[in-house]
Amino acid sequence: SLGGFGDGDDDTRDLDDKALRANFDAIDTDGSGAISAAELQQAINASSANASLDPDSVRSMMDAADTDGDGMIDFGEYRRVIRGEDADGPKEASNRPSGGDA
């Protein structure tokens, strides 16, 4: 399993951070702390369910997950994707006044 990364496994939304970290680390084969497009492609190729996914689809997955635009997927970005969270955080929190920190 890819820890929910495009493998259609809805159960991964319930994984705790420890399980998510283990899945992330399995994809991050060079131990850099971030998933590269090559590592994601390698993980997808190893998954029989998605073995035919083309490089353009992998790039689209990377682009969707890479919210800071550095070309890599860090653990926070990975966790948001797997849990289906909004990159900007909960909607109700983003609409609240800042509390006078201006």
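In short, a report on the structure. (Residues numbered from 1 in each chain as written. Predicted model: local features only at pLDDT ≥ 70, side-chain atom pairs only at ≥ 80, totals over all residues. Heavy atoms only, no water.)

### With respect to the pattern of salt bridges
If the charged atoms of two oppositely charged side chains come close together, the side chains can form a pair.
And step 1. Scanning the entire structure with this criterion turns up four salt bridges.
And step 2. The salt bridge involving Asp-17 is made with Arg-79; its shortest N-O contact spans 3.3 Å. Of this pair, Asp-17 sits in helix H1 (residues 17–27) while Arg-79 sits in helix H4 (residues 75–83), and the two are 62 residues apart along the sequence.
And step 3. Between Arg-59 and Asp-63 there is a salt bridge, and its shortest N-O distance comes to 3.4 Å. A residue pair is termed a helical-turn pair when its members lie 3 or 4 positions apart in one helix, as Arg-59 and Asp-63 do in helix H3 (residues 55–65) at four residues.
And step 4. Exposure remark for Asp-63: the relative accessible area of 48% places this residue in the partly exposed category. (Salt bridge = Lys/Arg side-chain N within 4 Å of Asp/Glu carboxyl O. Helix = DSSP H or I, 4+ residues; strand = E, 2+ residues; numbered from the N terminus. Buried < 20%, exposed > 50% of the residue type's maximum accessible area, 1.4 Å probe, protein only.)

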